[in-house]
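Coordinate inspection notes
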Amino acid sequence: MLSRLVLRAAPAALRALPPPVAVGVLHTTRPLHTTQQSLAPVPPLPEKGGEVRHGLIPEEFFQFLYPKTGVTGPYMLGTGLLLYLLSKEIYVVNHETAAAACILAVIVYGVKKFGPDVAAFADKLNEEKVATALAMKNEAIQSLQTAIEEEKKEQWRAEGRNYLFDAKRNNIAMLLEASYRERLLMVYNEVKKRLDYQVAMQTLKRQKEQDYMIQWVEKNVVQSITPQQQKESIAKCILDLKALSKSAHAAV
Amino acid sequence: GPLSERPLLEVRLGELHAWIGTCTFSPRGLRGAVQRAWSSYCAKYIHVRRGGPAGISMLLAGYCLLSYAWNYQHLKQHRWRKYH
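To keep things clear, this report deals only with the structure shown in the data block. (Residues numbered from 1 in each chain as written. Chains lettered and ligands numbered in written order. Predicted model: local features only at pLDDT ≥ 70, side-chain atom pairs only at ≥ 80, totals over all residues. Heavy atoms only, no water.)

1. Some words on the overall build of chain B
- The helix and strand inventory of chain B stands at four helices and zero strands.
- Going residue by residue from the N terminus, the α and β elements of chain B occur as α-α-α-α.
- Across the 84 residues in chain B, those meeting the buried criterion constitute 15%.
- Total accessible area on chain B stands at roughly 7200 Å², and carbon and sulfur atoms take up 64% of it. (Helix = DSSP H or I, 4+ residues; strand = E, 2+ residues; numbered from the N terminus. Buried < 20%, exposed > 50% of the residue type's maximum accessible area, 1.4 Å probe, protein only. Areas by Shrake-Rupley, 256 points an atom, 1.4 Å probe, with all protein chains shown as cover.)

The structure is reproduced here in structure tokens:
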């Protein structure tokens, strides 16, 4: 916690110091990324190296002596120098001279004969390296390109979102309508059931009343038939039957 | 350009004395000089696309000369003549 206090107090304290001291004291306040990036792209290698004559002496030496001594100057210088060294025996001729001469001869023969082949082989190796690096770079660029195209396609696809929303809205409206109608039907059914119940109750009650009344009337009538009335009605019925049978006989 | 920033090959003979005065002979300065010389030699003769035998052969020749110079006192004893 105390460190947090210190960190908060640091910029205020730095502002109190004169500017150059402040910049030197706390390195994180210096501005970043102000210089131009000088590391990339790396400049390509030069095609050929400096010119060298006879494999040993740079061309600049010959050019340096050309204005004063012409073309043969350096060679004269070389010959004179060689003779001076030999005659004063500053260069001593011994067994190493013979060895050096043989080695030089072999080296020169080898370079003259196998030089171009080795150079071609090395060039091929370099070419392969460069080709793989280039292929990687191209592949990366290609993949990024396809990614860009995919992204554009996705953006185009996203433009059709209005159609999607319309379809969804239609769906939802239909669902709402369907559920509304369902509920309407349910309400109708329920109300009808209750009304039917009431109607059934009323018919039942009326029927029961009717039945009871008929039963009561019959009971009373049966009760009111005295035995004498019963005898009279039976005699009447017999007379009627006789009359009917007579008329039936007559008809037949 | 100014004298102190020119490479040695571009200094004229008359200015050589002044030029030597401007270089720093501290170990860091000498190391920097050797580093610069080696890197300029490499950039000119070795780090090229199509080099030849010249780059290495000059180094070998320089090595031969240096070793001859360092062994001169011993080689002087194998002279063929006494008086030249």
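2. A look at the environment of Trp 19 of chain B
All names here are of chain B.
- Of note, Trp 19 is situated in helix α1 (residues 16-22).
- As for Trp 19 and Arg 6, which are separated by 13 residues in sequence, their C-alpha atoms are 8.7 Å apart.
- Not counting residues up to four positions away in its chain, the partners in contact with Trp 19 are Leu 3, Arg 6, Leu 8 and Val 11. (Contact = heavy atoms within 4.5 Å.)

3. Some words on unusual backbone geometry
Residues and elements named next belong to chain A.
- Even without being a glycine, His 54 presents a positive backbone phi close to 60°.
- Looking at where His 54 falls in the secondary structure, it is placed in the loop between β1 (52-53) and β2 (57-58).
- His 54 gets classed as exposed once you look at its relative accessible area, which sits at 61%.
- Positioned with a positive phi, Glu 89 is a non-glycine residue whose angle comes to about 55°.
- Within the secondary structure, Glu 89 sits in the loop between α4 (73-87) and α5 (95-159).
- Owing to a relative accessible area of 7%, Glu 89 belongs among the buried residues under this scheme.

4. As for the nonpolar core
- Counting five residues, the largest nonpolar core consists of Val 52 of chain A together with Tyr 41, Tyr 45, Ala 54 and Met 58 of chain B.
- Counting only elements with at least two residues in this core, the list comes to α2 (27-45) and α3 (54-70) of chain B.
- Contact partners of Ala 54 of chain B, with chain neighbours within four places excluded, come to Val 52 and Gly 55 of chain A together with Tyr 41 of chain B. (Core = buried A, V, L, I, M, F, W, Y, C linked by side-chain atoms within 4.5 Å.)

In short, geometric facts, not functional conclusions.
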